[in-house]
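Listed here are the chains, written in short residue letters.
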Amino acid sequence: MKRAVVSEAGQEQLEGFALHNPLIWHIINDQMRKIRLASYGAEGREFRCGKAHQVAFVRVRGWHTFQHSLFRAGGGRGVAAQLGEGGAAVVWAGHDKLFLVSQIALDVEAVSRFVKLFRHGSRGSASFSSQVVYEGLMAKSSAPSFPQPRLVSTTQDLADSLIRLREERFLTIDTEFMRERTYWPELCLVQIGGANDVVLIDTLAEGLDLAPLADLLADESVLKVFHAARQDLEIFLYLFDALPTPVFDTQVAAMVAGYGDQVGYDSLVGSLTGHAIDKSHRFTDWSVRPLTPAQLTYAAGDVTWLRLVYERLVKKLEQEKRLEWVSAEMAELADPATFRADPEKQWERLRARTGNRRMLGILRAVAALREREAQRVNVPRQRLLKDESLLEIAATAPATVDALARVRGISRGLAEGRTGQGLLDAVKAAQALPDSELPRLPKGRSKDAPRPSAALMALLKVLLTTCCEDHDVAPKLVASMDDLEALALDPSVPNPLLSGWRKRVFGDAALALRNGDIALAVKKGKVDLIPCESSAK
């Protein structure tokens, strides 16, 4: 296999676009099977396979010519764009070359429309420059062969199907559910992927007992792999009153591995395998029966490709000695409290703009009442009662049905019914509380709460981005805004940034910056950390 370092200018531009545009990253991987953008190493950045060219920018004119070239590139699949205020950059694959097109003299709207609909001709003209950053064989890798999915709708078939799966080292799991009209999610389908089996469980099938599934999820000898696991885990906790264990979340792992903040499943599959997956049924109604073959194929893809994603992520994390970072993050997903809404704490979500503790006490009471009622009647909390209505109730403290019915968003029927009486009782009980039992705004929310220096916060954010770029990890995984503010105010207070892997990645540098031991400087277009003269002495 040949290796060659790509021209520095072209490589820098292409890498910058790929890092911020998953579609471009996918095009690169999809069209050039062995290609990867190497990490910042002593050997420099390089492409694998084929040969690289350092060529001058070539001028191409003619919108029709541009369109035709892109149309020939992979049947319209080998194109991606990075749009900006002043124009766009486009990457496309064609004629066994990878082209980086920049400085397009077109407005963003026109380029965006072109990228999506370039099959429809346009006779306008365009002027842009392009640079060949790769030339060589760009044959597509063939899609792997996956097991045929099996739909299960009886208890006996479910038990039989899961026997073999319990022998697996790990399983990939996903769910399809509906929640638009209910408080509790309505589970419609469970997909489980093994090395040689793909089982689709029709959870709406009449008479189906999910006990065999509960037993599998509780089997600690089998790792359960999810992508963006929180909603799936919440469903299983609701159904079985227990969380699956042990669990691995590929979205969290991807953030640790440097694939961006909360990367989507399709983008991650494209980045790691070079293939595009079918997402045409993402918004389908999974409660309608019978399920079509296309729906079943789509559902199976959510666990078949996930096996490849998991294996490649783990290999990368092991090579970078970061697998323990992911394990530390999984602890939160093993705690049932993560997924169970506490009615007594729902008022904190409403962002009340007052420090009046009596009003906050009423807000806490009516928000808790709404949460319990929404759970009881199984309707979304906002459909039962809007946040704005709760805030107005807390401000006006209605004592009668007539007064409650005058609150915006409260109908006469609701005010006169069970929920209305519950709200009036909650208001009355909150007004009777002694001052010592009234809530206060969460720390940092009150007007008189100490605030960190805005300039210091800005520096810490820049430092966070810099450290995360250097370590190739997602900033959102490293630090929240609350973590940064707490560190800026008082570094002696316990803070997740000052322990474990976060301390090594960012915490130590953040303390040094806050203490004046280091400063930030720009060198060759990148932010760099430099020791301060006072600390050097």
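Look up a bit, the structure's there.
Just so you know, these numbers come straight off a predicted model, no measurement behind them.

Cut-off values and rules
- Residues numbered from 1 in each chain as written.
- Predicted model: local features only at pLDDT ≥ 70, side-chain atom pairs only at ≥ 80, totals over all residues.
- Heavy atoms only, no water.
- Pairing = 2+ DSSP bridges.
- Helix = DSSP H or I, 4+ residues; strand = E, 2+ residues; numbered from the N terminus.
- Expected span 1.5 Å × (residues − 1).
- Polar contact = N/O pair within 3.5 Å; in protein donor to acceptor, adjacent residues only side chain to side chain.
- Buried < 20%, exposed > 50% of the residue type's maximum accessible area, 1.4 Å probe, protein only.
- Axes fitted to C-alpha atoms, helices over the stretch in contact; angles between N-to-C directions.
- Contact = heavy atoms within 4.5 Å.
- Left-handed = near helix turned anticlockwise from the far one by under 90°.
- Nonpolar A, V, L, I, M, F, W, Y, C, P; charged D, E, K, R; others polar.
- Core = buried A, V, L, I, M, F, W, Y, C linked by side-chain atoms within 4.5 Å.
- Parallel < 35°, antiparallel > 145°, perpendicular 65-115°, else oblique.
- Patch = residues over 30% accessible without salt bridge, like charges linked within 9 Å, V, L, I, M, F, W, Y side chains within 5 Å.
- Areas by Shrake-Rupley, 256 points an atom, 1.4 Å probe, with all protein chains shown as cover.
- Salt bridge = Lys/Arg side-chain N within 4 Å of Asp/Glu carboxyl O.
- Phe/Tyr/Trp six-rings, centres within 6.5 Å; stacked < 30°, edge-to-face > 60°.
- Lys NZ or Arg CZ within 6 Å of the ring centre and 35° of its normal.

Draft legend 1. Broad picture of the pairing of strand S14 (residues 518-523). In the sheet, S14 pairs with strand S15 (residues 526-531) via six bridges, with the strands oriented antiparallel. In the strand pairing of S15, Lys-523 is matched with Lys-526. In textbook terms, the turn of a hairpin is the stretch between consecutive antiparallel strands, and for S14 and S15 this stretch comprises two residues, one of which, Lys-524, has a positive phi near 55°.

Draft legend 2. View of helix H12 (residues 357-377). Look at H12: 30 Å from first C-alpha to last across 21 residues, which is about the 30 Å you get at 1.5 Å a residue. Its side-chain oxygen at 3.0 Å from the backbone nitrogen of Arg-358, Asn-356 defines the N-terminal cap of H12. Directly after H12, the chain includes Asn-378, whose backbone phi takes a positive value near 60°.

Draft legend 3. Focus on the pairing of strand S9 (residues 170-178). Among the nine residues in S9, nine count as buried, and that is most of the element. Taking every second residue as pointing to the same face, both faces of S9 are buried, with Phe-170, Thr-172, Asp-174, Glu-176 and Met-178 on one and Leu-171, Ile-173, Thr-175 and Phe-177 on the other. By the bridge criterion, three bridges tie S9 to strand S12 (residues 223-226) in an arrangement that is parallel. Following the sheet pairing, Phe-170 is matched in S12 by Leu-223. For S9 and strand S10 (residues 186-193), the ladder comprises seven bridges, and the chain directions are antiparallel. Within S10, the residue paired with Ile-173 across the bridge is Ile-192.

Draft legend 4. Representation of the sheet that holds S10 within the structure. With respect to topology, six strands assemble into an open sheet ordered S8-S11-S10-S9-S12-S13, the strand pairing being mixed. Edge positions in the open sheet fall to strand S8 (149-152) and strand S13 (247-249), since each of these has one partner strand only. On average, each strand axis in the sheet is tilted by 25° relative to the strand beside it, whichever way the strands run. Its contacts with the sheet put helix H7 (residues 230-240) on S9, S10, S12 and S13, and the angle it makes with S9 is roughly 80°. Its contacts with the sheet put helix H10 (residues 293-319) on S8, S9, S10, strand S11 (198-202), S12 and S13, and the angle it makes with S9 is roughly 140°.

Draft legend 5. Summary view of helix H17 (residues 418-431). In a regular helix each residue adds 1.5 Å, so 14 residues correspond to 20 Å; H17 covers 20 Å between its end C-alpha atoms and thus fits that length. Listing the buried residues of H17 in full gives Thr-419, Gly-420, Gly-422, Leu-423, Leu-424, Ala-426, Val-427 and Ala-430. On its buried side, H17 packs onto H12, helix H14 (387-396), helix H15 (401-405) and helix H16 (412-416).

Draft legend 6. Expanded view of the packing of helix H18 (residues 454-471) against helix H21 (residues 500-514). Following both chains from N to C, one finds H18 and H21 inclined at 145°, their axes separated by 10 Å at the closest point. The element H18 and its partner H21 pack so that their crossing is right-handed. The segment H18 lies against H21, with Leu-456, Leu-459, Leu-460, Leu-463, Leu-464, Cys-467 and His-471 engaging Arg-504, Val-505, Phe-506, Ala-509, Ala-510, Leu-513 and Arg-514. When the residues that make up the contact of H18 with H21 are grouped by side-chain class, the tally is eleven nonpolar, one polar and two charged.

Draft legend 7. Spatial organisation of the nonpolar core. Ranked by size, the top nonpolar core spans 80 residues in total, and within it Ile-192, Ile-201, Leu-213 and Phe-506 carry the most contacts. Broken down by element, this core gets its largest block of residues, eight residues, from H10. The residues touching Phe-506, leaving out its near neighbours within four places in the chain, are Leu-460, Leu-463, Leu-464, Cys-467, Val-478, Leu-484 and Leu-497. Counting residues in each nonpolar core, the second largest holds 29 residues, with Val-366, Leu-384, Leu-404 and Leu-423 among its members.

Draft legend 8. Spotlight on the packing of H18 against helix H20 (residues 481-489). At a minimum axis separation of 10 Å, H18 and H20 run at an interaxial angle of 125°. On the basis of the axis angle, H18 is oblique to H20. As H18 packs across H20, the resulting crossing turns out to be right-handed. Across the interface between the two elements, Leu-456, Met-457, Leu-460, Lys-461 and Leu-464 from H18 touch Met-481, Leu-484, Glu-485 and Ala-488 from H20. Of the residues in the contact of H18 with H20, the class split is seven nonpolar, no polar and two charged.

Draft legend 9. Structural detail: a nonpolar patch on the surface. Taken together, the side chains of Val-462, Val-522 and Val-527 make up a nonpolar region of the molecular surface, amounting to roughly 230 Å² of accessible area. Here Val-522 shows up in strand S14. On the basis of relative accessible area, Val-522 is assigned to the exposed category, the value being 64%.

Draft legend 10. Layout of the packing of aromatic side chains. Counted according to the given criterion, the structure contains nine aromatic pairs. Here Trp-184 and Tyr-238 contribute two aromatic rings whose centre-to-centre distance is 4.5 Å and whose plane-to-plane angle is 5°, an arrangement assigned as stacked. Residue Trp-184 is located in the loop between S9 and S10, and its partner Tyr-238 is located in helix H7; the two are separated by 54 residues in the primary sequence. You can call Trp-184 partly exposed: its relative accessible area is 23%. A relative accessible area of 41% means that Tyr-238 is categorised as partly exposed. Between Trp-325 and Trp-501, the ring centres sit 4.6 Å apart and the planes meet at 10°, which makes this aromatic pair stacked. Residue Trp-325 is located in helix H11 (residues 323-333), and its partner Trp-501 is located in helix H21; the two are separated by 176 residues in the primary sequence. No difference in accessibility class separates Trp-325 from Trp-501, as the two residues are buried. An aromatic cluster is defined as three or more aromatic residues linked by ring pairs; in this entry it consists of Phe-170, Phe-248 and Tyr-310. In this structure, Arg-307 packs its charged tip against the face of Phe-170, placed 4.0 Å from the ring centre.

Draft legend 11. The arrangement of the side chain of Ser-389 in detail. Here Ser-389 lies in helix H14. What makes Ser-389 buried here is its relative accessible area of 2%. Setting aside anything within four residues of it in sequence, one finds Ser-389 in contact with Val-407, Arg-408, Gly-409 and Ile-410.

Draft legend 12. Local environment of the pattern of salt bridges. Evaluated as defined, the whole model comprises 23 salt bridges. Ionic pairing is found between Asp-219 and Arg-166, a salt bridge with its closest N-O pair at 3.3 Å. Taken as a pair, Asp-219 in the loop between helix H6 (211-218) and S12 and Arg-166 in the loop between helix H5 (155-165) and S9 lie far apart in primary sequence, 53 residues in all. Assessed through its relative accessible area of 35%, Arg-166 is described here as partly exposed. Of the charged contacts, one joins Arg-504 and Glu-324 as a salt bridge, the two residues approaching to 3.7 Å between their closest N and O atoms. In this pair, Arg-504 sits in helix H21 while Glu-324 sits in helix H11, placing the two residues 180 residues apart along the sequence.

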